[in-house]
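# Survey of secondary and tertiary structure
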Amino acid sequence: MRTQVAIIGGGPSGLLLSQLLHRKGIDTVVLERKTKDYVLGRIRAGILEVGFVNLMREAGVADRMDKECFAHDGTVISFGETQFNIDFKELTGSNVVVYGQTEVTRDLYEAREAMGGQIVFNTENVTIHGADSDAPHVTYTVDGTEHRIDCDYVAGCDGFHGISRQTIPLSIRKEYEKLYPFGWLGVLSETPPVNDELIYSGSERGFALCSMRNENLSRYYIQCSLSDAPEDWTDDAFWTELKRRIPAEYADKLVTGPSIEKSIAPLRSFVTEPMRWGRLFLCGDAAHIVPPTGAKGLNTAASDIHYLYNGLVQMYETGKSDGIDQYSEKALARIWKAERFSWSTTNLLHRFPDQNAFDLKMQKADVDFLRGNREAQSVFAQNYVGLPY
Ligand code: FAD
Ligand code: DHB
């Protein structure tokens with residue numbers, strides 16, 4: 001088989017890139033290790049920056065999103081007895097939208113199928129060959145049969161545990177990582193959200209987040225121990241703990257119900273440099289991970305896709321390579337800022353096992369400064385709604 005761009009991974013990054021390129025007449029094949037149902041079953045991000053929304057529009061897959069998403073103009077921050085609102089709209093003129101990653105992925109799969117896009121599921125042993133040559137190819141097996149795709153470029157969109165990043169030799173690749181001593185336990189429930197804005201809450205029992213998907217679907221998270229398993233948490237235990245970590249006025253009106261999904265994600269900051277090696281380009285979680293505080297994971301994947309898509313279109317349409325040549329540098333410049341925001345918001349609102357009384361005072365002083373300072377709120381809001389591409 002031959003294609004122009006072989007895309008490893010059929011998550012949001014790979015699908016979005018494939019859809020955007022197809023509309024410019026550039027041929028792609030997407031290789032996905034799992035089944036479509038498996039990918040659609042993963043409950044992950046919920047908050048999209050306007051940059052992401054615009055990319056979905058450019059990809060021609062925004063109809064349902066534009067109808068069903070909810071614009072969020074601000075958020076509630078709570079810390080102990082302190083509680084305040086950060087008004088994104090007023091401070092930046094912009095907002096974010098609530099639309100689940102599951103829905104984004106479903107819309108992209110539907111569009112890919114409607115356009116006859118090639119997605120190969122259940123691929124095993126995916127291997128990238130000759131990424132640093134002029135003629136790369138990818139091999140993989142499905143049901144025990146080996147296949148080969150020759151291509152011009154390879155996009156590594158295969159998430160944190162994928163093979164694309166490992167293809168870059170260790171002598172060239174540099175990795176930066178920070179692990180946090182806790183995870184997030186997430187619950188999805190068919191209950192009305194407790195508030196019309198998100199609530200990010202730091203409490204002496206640990207962090208909690210109240211989020212949502214729609215008027216009868218809520219998403220809640222609590223900071224948990226890395227040794228916890230979702231089965232250790234009954235629904236009752238989860239709701240009780242959540243109520244203890246959010247302000248009383250919300251705890252009192254929280255509507256609880258059976259969880260329809262419950263999972264734990266460890267928190268990690270991770271960046272690999274460079275994001276390009278020869279004709280291989282890394283995008284999204286394959287290249288970087290943020291702790292979820294601040295909802296930057298999926299949104300940083302989108303900015304990578306923006307830079308790579310524009311670089312490849314420029315290359316195919318004009319033969320000029322500056323877009324793809326600058327890909328790694330441009331993508332990383334934005335990613336490091338999102339890493340900083342996610343790291344600092346995690347530090348601001350979580351309880352760390354080794355925090356002493358001084359550390360707690362510092363955390364409180366940080367929150368007090370944010371509450372009382374318009375410029376600090378403006379910095380927070382700019383980062384939350386998304387830095388420009
Ligand atoms: P992925 O979504 O990981 O997609 C990669 C795809 O590649 C997968 O479908 C995988 O099956 C496939 N793949 C992997 N290896 C191979 C291979 N060898 N061959 C072929 N295919 C392969 N972000 C937020 O903003 N908010 C959140 O609340 C949030 N929660 C999260 C919870 C969890 C448990 C995780 C893991 C992430 C979460 N994120 C969150 C981050 C966000 O979901 C990711 O940033 C986003 O999914 C990145 O998209 P991606 O397409 O780059 O990677
Ligand atoms: C969600 C996840 C986040 O990490 C976040 O900061 C906001 C919302 C969510 O899943 O809804």
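As a starting point, this report considers the structure included with it.

### Points about the layout of surface pockets
Approximately 420 Å³ is the volume attributed to the second largest pocket. For the second largest pocket, the lining is made up of 21 residues, of which F79, G80, E81, S203 and E204 are closest to its centre. Those elements giving two or more residues to the lining of the second largest pocket turn out to be β5 (74-79), β6 (82-87), β14 (198-203), α8 (235-245) and α13 (357-372). By residue number, the principal contributor to the lining of the second largest pocket is α13, which donates four residues.

### Notes on helix α14 (residues 374-385)
Taking 1.5 Å of rise per residue, 12 residues should cover 16 Å, and α14 covers 16 Å from first to last C-alpha, within 8% of that figure. Structurally, the start of α14 carries an N-cap: the backbone nitrogen of E375 is 2.9 Å from a side-chain oxygen of N373.

### A closer look at the sheet that holds strand β1 (residues 5-8)
Strand order in this open sheet of six strands is β8-β2-β1-β12-β19-β18, and the pairing throughout is mixed. Every interior strand has two partners, whereas the edge strands, β8 (118-120) and β18 (276-277), have only one. The pairing of β1 with strand β2 (residues 28-31) spans four bridges and is parallel. Bridge pairing in β2 links A6 to V29. Contacts from helix α10 (residues 297-318) reach β1, β12 (153-156) and β19 (280-282), with the element oriented near 175° to β12.

What counts and what doesn't
Residues numbered from 1 in each chain as written. Chains lettered and ligands numbered in written order. Predicted model: local features only at pLDDT ≥ 70, side-chain atom pairs only at ≥ 80, totals over all residues. Heavy atoms only, no water. 1 Å grid on protein atoms, 1.4 Å probe; cavity = no way out; pocket = protein on both sides within 12 Å on 5 of 7 lines; lining within 4 Å. Points joined across faces, edges and corners; volume = space filled by probe spheres on them. Helix = DSSP H or I, 4+ residues; strand = E, 2+ residues; numbered from the N terminus. Expected span 1.5 Å × (residues − 1). Polar contact = N/O pair within 3.5 Å; in protein donor to acceptor, adjacent residues only side chain to side chain. Pairing = 2+ DSSP bridges. Contact = heavy atoms within 4.5 Å. Axes fitted to C-alpha atoms, helices over the stretch in contact; angles between N-to-C directions.

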